[in-house]
Amino acid sequence: MQNQDQIQKRRIFGIISHPDAGKTTLTEKLLLHGGAIREAGTVKARRNDKFAKSDWMEIEKKRGISVTSSVMQFEYDDKIISIMDTPGHNDFGEDTYRILTSVDNAVMVIDAAKGIETQTKKLFSVCSMRHIPVFTFINKLDRQARDPLELMEELEEVLGLPSVAITWPIGNGITFEGVYDRLENQVHLYRQKKTITLDEKGIYSDMLEGVLDPMNLTNLRNEIDLLDGAGNEFNITKIYNGELSPVFFGSALVDFGVTTFLNHFLKMSKFPGTRKTTTGEVNPTDDFFSGFIFKIQANMNPAHRDRLAFVRICSGTFERGMNVTLSRTGKTLKLSQSTQLMANEREIVDTAIAGDIIGLYDSGTYQIGDTITNSKDKLFFEPLPTFPPELFRRVSPVNSLKGKNFHKGVKQLAQEGTIQIYRNDFNDVILGAVGVLQFEVFEYRLKNEYNTDIRMDNLDYTVARWIKANDSVDLKKHENSRCTLVYDRFDRPVYLFSNMYALNAFEDRVKDLELIEALNVTDEEN
Ligand code: G4P
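Residues numbered from 1 in each chain as written. Predicted model: local features only at pLDDT ≥ 70, side-chain atom pairs only at ≥ 80, totals over all residues. Heavy atoms only, no water.

Some points on the site of the ligand
Now for step 1: The local shell around the ligand holds 17 residues, among which D20, K23, T24, T25 and D142 are the closest.
Now for step 2: Within the side chain of K140, one N or O atom sits 3.1 Å away from an oxygen atom of the ligand.
Now for step 3: Between the ligand and the protein, one listed contact pairs an oxygen atom with a backbone N or O atom of A252 at 3.1 Å.
Now for step 4: Considering the ligand on its own, with 710 Å² of exposed area, one finds that the protein chains cover 68% of that surface.
Now for step 5: The element contributing the most residues to the shell around the ligand is helix α2 (residues 23-33), with three residues. (Near = heavy atom within 4 Å. Polar contact = N/O pair within 3.5 Å; in protein donor to acceptor, adjacent residues only side chain to side chain. Areas by Shrake-Rupley, 256 points an atom, 1.4 Å probe, with all protein chains shown as cover. Helix = DSSP H or I, 4+ residues; strand = E, 2+ residues; numbered from the N terminus.)

Below is the structure:
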């Protein structure tokens, strides 16, 4: 049993939100409390300043968004916490989804004036697919907010996620006075920056008379009675299984309700657990080292065209310089160039354990979903899912003499998981993406790293389905104006449909083919 105490101290969470809900601000406050940064504004500054040094991040700068996702580790209350930041824009890509497959918990930030927004819904569906605990932070309580009961209801209705309020707001907008912590029986006062621990009468205690505005106090009592009577009960097992979301109210900007949230989060969140392999499970306390690559970030330094492979360690101890086997190829690799990612700098990491995320410098060795291990047995972590793309473009080099560069770039960017690649029977290269931004990044990188200008044409398809059929079946005969046959980069046949109606019509018509929504990334490519 390796590192058991240390593993239980670790928490990995992804932070998800609709743009502008306050994800960056909350992240920054969490890092401040952990002492990982000294000044508020650092995370934003990093986005604007440091990324500006790396060329292709120009896209990010121009559009004022975060293209890449990064990992930040900090310590708080004897816990070691890793935050996985996810791109927060409508044009998010597959990368965002993949990040969520490597975390143990998710924090969902919601703007109290707006409620659930479209992007939150998409990201949330990935969390619920994996049954990870989802913590909800309803933000911007320093401003006029929507009715909290209505927000809770929306959470249940729109996301289908039952929720339980751990804290509850007192007053709203200019009358906002603080939050009541139902588990700790405490009132945190907003303006006075004070905490009152209530007696056994709870919110009916005299201790609140004369402290809270009478109207607010009456409302608080009515609302908490309602929650106690008709709301969901606190149930840690359900929280653990992602079946119940604990809800917190606060304001990231003024740092109110953030530590209350953090303290509860650390008690309720999951520490690293077992991880499924194709043949069984790996336990974090297993002696052998194992991990998988969930993200490859290219061009951290454009001069060297280097890549950084992010590894989630699943068992054992990583030691810099150790030898591991890359399961996909069976080759032995020496892990000498490793790094840990902090809020504002990268540090060389010498040792790390299950529940840590490390970065390995990579010159093209790794692929998304790869397993590395020093176990004597062959080991493959369960493949990361391929998320079905919804946007398609045909792409070709403007100058046909650049064909070689073009194909090299296409292949490498596909391996990195930047975009999905398909071909049709005419050998046209077709790109598939989850978000438009993936096309922009692709175009930018081909131009800047492979010196190739490209032409892209929109294709009128929005749904992809892989096909299970034996080789003798004639798949071409089912093509029509709303359905075309292409092949993915593993040469597996895929139908592209113009929309769901076309897919439904196809399924009504063709009964002898099995269509599959998502396949695994890591099927062999050698
Ligand atoms: P995001 O990462 O989810 O996209 O959101 P971000 O933290 O960048 O916040 C978006 C805007 O909302 C920012 O304002 C930020 O200051 C504001 N904000 C975040 N949390 C709170 C909060 O608790 N209360 C209030 N009132 N505002 C909040 P901005 O004007 O777009 O940017 P900036 O000029 O403040 O940097």
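Focus: the side chain of Q420
Now for step 1: Structurally, Q420 is set in strand β25 (residues 420-423).
Now for step 2: Here Q420 falls in the buried class, since its relative accessible area comes to 11%.
Now for step 3: Aside from chain neighbours lying at most four places away, what touches Q420 is E94, T386, F387, P389, I430, L431, G432 and W466. (Buried < 20%, exposed > 50% of the residue type's maximum accessible area, 1.4 Å probe, protein only. Contact = heavy atoms within 4.5 Å.)

Let's talk about the packing of α2 against helix α10 (residues 258-268)
Now for step 1: Relative orientation of the contacting elements α2 and α10 amounts to 75°, with a least axis distance of 10 Å. With respect to α10, the axis of α2 lies roughly perpendicular. For the pair α2 and α10, the contacting residues are L26, K29, L30 and H33 in the first and V258, T259 and L262 in the second.
Now for step 2: Tallied by class, the residues present in the contact of α2 with α10 amount to four nonpolar, two polar and one charged. (Axes fitted to C-alpha atoms, helices over the stretch in contact; angles between N-to-C directions. Parallel < 35°, antiparallel > 145°, perpendicular 65-115°, else oblique. Nonpolar A, V, L, I, M, F, W, Y, C, P; charged D, E, K, R; others polar.)

Focus on the pattern of salt bridges
Now for step 1: Applying the stated criterion across every chain yields a total of 19 salt bridges.
Now for step 2: Measuring nitrogen to oxygen at the nearest pair gives 2.9 Å for the salt bridge that ties R423 to D491. Of this pair, R423 sits in strand β25 while D491 sits in the loop between β29 (483-488) and β30 (493-497), placing them 68 residues apart in sequence.
Now for step 3: A salt bridge links K447 to D453, with the shortest nitrogen-to-oxygen separation between them at 3.0 Å.
Now for step 4: You can call D453 partly exposed: its relative accessible area is 40%.
Now for step 5: Within this structure, R146, E150 and E154 form a network of salt bridges that share partners. (Salt bridge = Lys/Arg side-chain N within 4 Å of Asp/Glu carboxyl O.)

Focus on the sheet that holds strand β6 (residues 163-165)
Strand pairing within a sheet occurs via backbone hydrogen bonds; the two strands may be parallel or antiparallel.
Now for step 1: Here seven strands make up an open sheet; going across it, the order is β2-β3-β1-β4-β5-β11-β6 and the pairing mixed. The sheet is open, and its two edges are formed by β2 (71-76) and β6, each paired on a single side. Taking each pair of neighbouring strands and ignoring which way they run, the sheet shows an average axis angle of 30°.
Now for step 2: Strand direction decides the pairing type here: strand β4 (residues 105-111) and strand β5 (residues 134-139), joined by six bridges, are parallel. Residue pairing across strands places V109 opposite F137, the latter belonging to β5. (Pairing = 2+ DSSP bridges.)

Quick notes on the pairing of β29
Now for step 1: Of all six residues making up β29, six are buried, and the element is well covered by its neighbours.
Now for step 2: Burial along β29 is two-sided: C483, L485 and Y487 facing one way and T484, V486 and D488 facing the other are all buried.
Now for step 3: Across two bridges, β25 lies against β29 in antiparallel orientation. What sits directly across from R423, in β29, is Y487.
Now for step 4: Where β29 and β30 come together, five bridges link them in antiparallel fashion. When the sheet's bridge partners are listed, L485 is paired in β30 with Y495.

What to know about unusual backbone geometry
Now for step 1: Even without being glycine, D77 reaches a positive phi, approximately 50°.
Now for step 2: Relative accessible area serves as the criterion here: at 53%, D77 is assigned to the exposed category.

Looking at a nonpolar patch on the surface
Now for step 1: Residues L183, F234 and I236 make up a contiguous nonpolar surface patch of roughly 240 Å² in combined accessible area.
Now for step 2: Within the element layout of this structure, F234 appears in the loop between α8 (214-230) and α9 (236-240).
Now for step 3: F234 sits in the partly exposed class, given a relative accessible area of 37%. (Patch = residues over 30% accessible without salt bridge, like charges linked within 9 Å, V, L, I, M, F, W, Y side chains within 5 Å.)

A look at the sheet that holds strand β7 (residues 167-170)
Now for step 1: With antiparallel pairing, four strands are arranged side by side in an open sheet as β7-β8-β9-β10. The sheet is open, and its two edges are formed by β7 and β10 (194-197), each paired on a single side. Adjacent strand axes in the sheet meet at a mean angle of 20°, parallel and antiparallel pairs treated alike.
Now for step 2: Its contacts with the sheet place α8 against β7 and β8 (178-181), and it is angled at close to 150° to β7.

Things to note about the nonpolar core
Now for step 1: Among the nonpolar cores identified, the biggest contains 79 residues, and F318, L335, Y366 and I372 are the most heavily contacted of them.
Now for step 2: Considering each element in turn, this core owes the most residues, six residues, to strand β15 (residues 307-315).
Now for step 3: When residues are assigned to domains, this core turns out to be shared by domain 1 (4-268) and domain 2 (275-373), each giving three or more.
Now for step 4: Among residues more than four places away in sequence, those in contact with L335 are F289, F318, E319, R320, G321, M322, V324, L360, Y366 and I372.
Now for step 5: Membership of the second largest hydrophobic core comes to 27 residues, among which are I81, F135, V164 and F265. (Core = buried A, V, L, I, M, F, W, Y, C linked by side-chain atoms within 4.5 Å. Domains from an automatic or database assignment.)

Things to note about helix α13 (residues 500-509)
Now for step 1: Turning to α13, its buried residues number three or more, namely A502, L503 and F506. In an axial view of α13, the angular spread of the buried residues amounts to 100°, which keeps them on one side of the axis. Exposed side chains of α13 directed beyond 90 degrees from the buried face belong to Y501 and D508.
Now for step 2: Looking at where α13 begins, the residue whose side-chain oxygen comes 3.2 Å from the main-chain nitrogen of Y501 is N499. (Arc of directions from axis to C-beta.)

What to know about helix α11 (residues 403-416)
Now for step 1: For α11, built from 14 residues, the straight-helix expectation of 20 Å at 1.5 Å per residue is met to within 8% by its first-to-last C-alpha distance of 20 Å.
Now for step 2: The complete set of buried residues in α11 reads G403, F406, G409, V410, L413, A414, Q415 and E416.
Now for step 3: Just past α11, the residue G417 takes up positive phi, approximately 90°. (Expected span 1.5 Å × (residues − 1).)

Brief notes about the environment of G364
Now for step 1: Here G364 lies in the loop between β22 (357-362) and β23 (371-373).
Now for step 2: The sequence separation of G364 and Q412 amounts to 48 residues, and the corresponding C-alpha distance is 8.1 Å.

From the geometry alone we can't say anything about function, so treat these as descriptive.
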